[in-house]
Amino acid sequence: MMERKPCKAIIEWDKDKDPSKFPLNEWLRDIVVIFGEVVGKNIHGDAWTVLVRVTEVVDESHTYADVVFIVDEAPWHLLERGFSFKLWAGRDIAAVTIL
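Rules of the game
- Residues numbered from 1 in each chain as written.
- Predicted model: local features only at pLDDT ≥ 70, side-chain atom pairs only at ≥ 80, totals over all residues.
- Heavy atoms only, no water.
- Helix = DSSP H or I, 4+ residues; strand = E, 2+ residues; numbered from the N terminus.
- Rg over C-alpha atoms; globule rule 2.2 N^0.38 Å.
- Contact = heavy atoms within 4.5 Å.
- Areas by Shrake-Rupley, 256 points an atom, 1.4 Å probe, with all protein chains shown as cover.
- Lys, Arg positive; Asp, Glu negative; His and termini not counted.
- Charge placed at Lys NZ, Arg CZ, Asp CG, Glu CD.
- Phe/Tyr/Trp six-rings, centres within 6.5 Å; stacked < 30°, edge-to-face > 60°.
- Salt bridge = Lys/Arg side-chain N within 4 Å of Asp/Glu carboxyl O.
- Buried < 20%, exposed > 50% of the residue type's maximum accessible area, 1.4 Å probe, protein only.
- Core = buried A, V, L, I, M, F, W, Y, C linked by side-chain atoms within 4.5 Å.

1. Notes on the overall build of the protein
Across its full length, the protein holds 0 helices and 6 strands. Along the protein, helices (α) and strands (β) appear in the sequence β-β-β-β-β-β when read from the amino end. Taken over the C-alpha trace, the protein has a radius of gyration of 13 Å; the compact-globule value for 99 residues is 13 Å, and the two agree within 12%. Overall size of the protein, expressed as C-alpha extent along the three principal axes, is 35 × 35 × 25 Å. Taking the intrachain contacts of the protein between residues at least 6 apart in sequence as the baseline, contacts between residues at least 24 apart amount to 56%. Total accessible area on the protein is roughly 6,100 Å²; 50% of this is exposed by carbon and sulfur atoms. Charge centroids of the protein, computed over 12 positive and 17 negative side chains, lie 2 Å from each other.

Here is the structure:
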C-alpha cells in the first residue's frame, strides 16, 4: 500500500460555489476525478475518489487545499507539481492545479 501523503493545490471553484462556506481543514468527501466523459449523470471511463481539504480561502473563487487519492490504483502522477484536473460531484465543480 502506498503512503497517502496529501499534495498542496490551488482550486478554482465554479462560480456558483462559495469557497468561504467550505469548512477549513476538514476533508470534503464524495468528490471524484474523471478520465473519460460524463453523459447525463453516467461516467464513461475511469473515475477515482479524491479527498479535498480546504486550507485557506484566497478570494471569492480560489482556495488553497490538500488533495489526495484514496486508492492505490489512482493515477498518482496527476498529483505532481503543475498537473491540473477537474473535480466532479454530480457535475464539474472545480479545477485543481497541483503546486
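Okay, back to it.
2. Examining the packing of aromatic side chains
For any pair of aromatic rings, geometry is given as the distance between the ring centres together with the angle between the planes. All chains considered together, the criterion is met by 1 aromatic pair. Arranged with centres 4.5 Å apart and planes meeting at 40 degrees, the rings of Trp13 and Phe22 form a pair that is tilted.

3. A word on the pattern of salt bridges
For the coordinates displayed, the defined rule picks out 4 salt bridges. Across the pair Lys8 and Asp66 runs a salt bridge whose closest N-O atoms are separated by 2.8 Å. Residue Lys8 is found in strand β1 (residues 7-13), and its partner Asp66 is found in strand β4 (residues 62-69); the two are separated by 58 residues along the sequence. Classification of Lys8 by relative accessible area gives exposed; the value is 52%. Residue Asp14 pairs with Arg91 through a salt bridge whose shortest N-O separation is 3.4 Å. Of this pair, Asp14 sits in the loop between β1 and β2 (27-39) while Arg91 sits in the loop between β5 (84-88) and β6 (92-98), and the two are 77 residues apart along the sequence. Look at Asp14 and you get partly exposed, because its relative accessible area is 25%. Of the residues examined, Arg91 reaches a relative accessible area of 32% and is grouped as partly exposed. In the salt-bridge network here, residues are joined through shared partners; they are Lys8, Arg53 and Asp66.

4. Points about the nonpolar core
Residues Phe69, Phe85 and Leu87 are the most contacted members of the largest nonpolar core, which totals 27 residues. Among the elements that make up this core, the one with the highest residue count is strand β3 (residues 42-57) (5 residues). The contact partners of Phe85, leaving out residues within four places of it in the chain, are Val33, Val67, Leu78, Leu79, Ala94, Ala95, Val96 and Ile98.

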